[in-house]
Amino acid sequence: MAYKIAIIVGSLREGSINRKVARSICGLRNDNLDCSMIEIGDLPLYNQDLDSNPPPQWTRFREQVGAADGVLFCSPEYNRGIPGVLKNAIDVGSRPYGQSVFDKKPAAIVTASPGSIGGFGSNHQIRQAAVFLNMPVMQQPEAYLGHVSDDSFDESGCLKDGALKDIIKGLAHAFANWVDMIHRSRQLLAEDSAHRAQQPQAKEHA
Ligand SMILES: Cc1cc2nc3c(=O)[nH]c(=O)nc-3n(C[C@H](O)[C@H](O)[C@H](O)COP(=O)(O)O)c2cc1C
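These remarks concern the structure in this document. (Residues numbered from 1 in each chain as written. Predicted model: local features only at pLDDT ≥ 70, side-chain atom pairs only at ≥ 80, totals over all residues. Heavy atoms only, no water.)

**Topic: the pattern of salt bridges**
By the definition in use, this model includes 10 salt bridges. The salt bridge partner of R19 is E39, with a shortest N-O separation of 3.4 Å. Highlighted residues: R19 in helix α1 (residues 17-28) and E39 in the loop between β2 (33-37) and α2 (56-66), separated in sequence by 20 residues. The class of R19 is buried, set by a relative accessible area of 13%. With relative accessibility at 39%, the residue E39 sits in the partly exposed group. Residues E77 and R80 are paired through a salt bridge, measuring 2.7 Å at the closest nitrogen-oxygen approach. Judged by relative accessible area, which is 16%, E77 ranks as buried. (Salt bridge = Lys/Arg side-chain N within 4 Å of Asp/Glu carboxyl O. Helix = DSSP H or I, 4+ residues; strand = E, 2+ residues; numbered from the N terminus. Buried < 20%, exposed > 50% of the residue type's maximum accessible area, 1.4 Å probe, protein only.)

Given below as structure tokens:
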């Protein structure tokens, strides 16, 4: 069974390298990850006053993420931090209070940049929000992809063979395993507790 993965890209740019990296991750793992890119560019800025009558774009976004088994964040770094458009999407999905669509969903965070530190600052700001939102975030491999540029991809937007493609392959494999492990452990725990509930109460020994 393929797990449904919501991919949220923190760049609205047509030729975004992060979007291309996200596509490559899907392409390399399409046998057991069923990936969909979730658009965030049309989301009105989060305003708590609108929670009682949310804009349709918020509802669409919440439903799409809510239906996923896991979330992959692929983002640039803007001024050493998380791009505003992505932070807005995270805020929209996290509310109303108690109804976050991110809750318990396994996640991975990938940041790509032409710079040498690969969006480290942005990566950890996304991670901080994801941890707060109760998402089990894949710890390893970390993915601060530096020196990524248009040259890293061929004319069709696929990663060229080389070190970056190998890293992405490893990452896609690890993320598929991570999502599977989280979901299967939850299922085993649920089965175990259902099984225990069916057992006659153990007699207490004096
Ligand atoms: C407003 C702005 C701020 C940026 N700040 C950083 C930064 O802090 N660190 C970094 O590595 N690159 C920074 N960059 C360069 C981006 O990494 C580069 O434009 C990258 O291609 C954007 O990702 P994308 O191709 O997915 O849109 C910045 C770019 C913009 C437009």
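**Overview of the layout of surface pockets**
Here the largest pocket defines a volume of roughly 360 Å³. What lines the largest pocket is a set of 15 residues, among which S94, R95, S100, F132 and L133 lie closest to the centre. Secondary-structure elements contributing two or more residues to the lining of the largest pocket are α3 (84-94) and α4 (120-132). It is α3 that contributes the most residues to the lining of the largest pocket, four residues altogether. Residues of the lining of the largest pocket, tallied by class, amount to six nonpolar, five polar and four charged. (1 Å grid on protein atoms, 1.4 Å probe; cavity = no way out; pocket = protein on both sides within 12 Å on 5 of 7 lines; lining within 4 Å. Points joined across faces, edges and corners; volume = space filled by probe spheres on them. Nonpolar A, V, L, I, M, F, W, Y, C, P; charged D, E, K, R; others polar.)

**As for the pairing of strand β1 (residues 3-9)**
Most of β1 is tucked away: six of the seven residues are buried. Direction of pairing for β1 relative to strand β3 (residues 70-75): parallel, over a ladder of five bridges. Of the residues in β3, the one forming a bridge with I5 is G70. (Pairing = 2+ DSSP bridges.)

**Examining the nonpolar core**
In terms of nonpolar packing, the biggest core is built from 31 residues, with I5, V21, I25, L72, V110, L145 and F175 touching the most fellow members. In this structure V110 touches N18, V21, I25, L72, F73, C74, S75, N123, A143, L145 and L171, once residues within four positions along its chain are discounted. Within the second largest apolar cluster, 26 residues are counted, among which are W58, V71, L133 and M135. (Core = buried A, V, L, I, M, F, W, Y, C linked by side-chain atoms within 4.5 Å. Contact = heavy atoms within 4.5 Å.)

**Let's talk about α3**
For an α-helix the count is 3.6 residues per turn, leaving residues at separations of three or four pointing the same way. Buried residues of α3: L86, N88, A89, I90, V92, G93 and S94, and no others. Against β1, α2, β3 and α4 lie the buried residues of α3.

**Describing the sheet that holds β2**
Strand order in the open sheet formed by five strands is β2-β1-β3-β4-β5, and the pairing between neighbours is parallel. Bordering the open sheet on either side are β2 and β5 (144-145), each of which pairs with just one other strand. The pairing of β3 with strand β4 (residues 107-112) spans five bridges and is parallel. Bridge assignment links S75 to a residue of β4, and that residue is T111.

**Quick word on the side chain of S100**
With respect to the helices, strands and loops of the structure, S100 is situated in the loop between α3 and β4. Separated by 3.1 Å, the side chain of S100 and the backbone nitrogen of F102 make a polar contact. Setting aside anything within four residues of it in sequence, one finds S100 in contact with G93, S94 and L133. (Polar contact = N/O pair within 3.5 Å; in protein donor to acceptor, adjacent residues only side chain to side chain.)

**Some details on unusual backbone geometry**
Across the junction of R95 and P96, the peptide omega takes the value -5°, indicating a cis bond. Structurally, P96 is set in the loop between α3 and β4. The linkage connecting Q140 with the following residue, P141, adopts the cis geometry, with an omega of 0°. Summarising the element assignment, P141 is placed in the loop between α4 and β5.

**Looking at the environment of V92**
One can find V92 in helix α3. Here the alpha-carbon distance between V92 and W58, two residues 34 residues apart in the chain, equals 6.6 Å. In this view, V92 contacts P44, Y46, W58, F61 and R62; residues no more than four positions away in its chain are not counted.

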